[in-house]
Amino acid sequence: MQRVLLVEDDAPFRRSLQSYLERSGYDVVSCATARRAIELHSRAPFDLAVIEYHLPDANGADLGRRLMLMRPDLRVVMISFYDYDLISREVRKAGVQGFLKKPFDPAEFDATLKMITNADSFHAHNAVPVLTVATDPLPVLSPSGGTL
């Protein structure tokens, strides 16, 4: 089971995304700040990080870079309401492997995670996969599995 670090400062969205990831079979630990993310990653490194670009205490691209210095094989997906064109230089420079513009579709999120975690098809020097999906935001899932 892959360990995922989810860094998102919007609490309702973080809870929804964490629930979705857990239901998809990931072992997820979430937090709202870069400082806490670094603490968690230093204690027990993660396989994958999903990071909001605009955090209250840091830039998500900088956080991704720092986490990858701690574990070079860490895969990072950046999520943001910002258009990729506005932040692409920072995201590429950080070495982030994927980017999703909020709101995004769960199927596109799944596809991005599978693409960057599949060792047979992933190449670190390829362009950052950018998915901008104009759909409803990730559904809020109820404990029974239905959509709220």
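Predicted, not measured: the structure shown is a model, and the values here were computed from it.

Enquirer: Quick one: what's the story with the pairing of strand β1 (residues 3–7), residue by residue and with numbers?
Expert: Counting buried positions over the five residues of β1 gives four, a clear majority of the element. Two elements, β1 and strand β2 (residues 27–31), share five bridges in a ladder whose sense is parallel. Across the sheet, the residue bridging to Arg3 is Asp27, located in β2. Following the chain from β1 across helix α1 (residues 11–23) to the adjacent parallel β2, one finds a crossover that is right-handed.

Enquirer: So what about the pattern of salt bridges? Which residues, and what values?
Expert: In the structure shown here, the tally under the stated rule is nine salt bridges. The residue Glu39 makes a salt bridge to Arg36 at a minimum N-O spacing of 2.9 Å. Residue Glu39 and its partner Arg36 are located together in helix α2 (residues 34–43), separated by three residues, close to a single helical turn. By relative accessible area, which is 28% here, Glu39 ends up partly exposed. Residue Arg36 is classed as partly exposed on the basis of its relative accessible area of 33%. Notably, a salt bridge pairs Asp62 with Arg65, separated by 2.8 Å at the nearest N-O pair. Linking Asp62 with Arg65, this pair stays in helix α3 (residues 60–70), spanning three residues, or about one helical turn.

How each quantity is defined
Residues numbered from 1 in each chain as written. Predicted model: local features only at pLDDT ≥ 70, side-chain atom pairs only at ≥ 80, totals over all residues. Heavy atoms only, no water. Buried < 20%, exposed > 50% of the residue type's maximum accessible area, 1.4 Å probe, protein only. Helix = DSSP H or I, 4+ residues; strand = E, 2+ residues; numbered from the N terminus. Pairing = 2+ DSSP bridges. Right-handed = clockwise from strand over helix to strand, strands pointing away. Salt bridge = Lys/Arg side-chain N within 4 Å of Asp/Glu carboxyl O.

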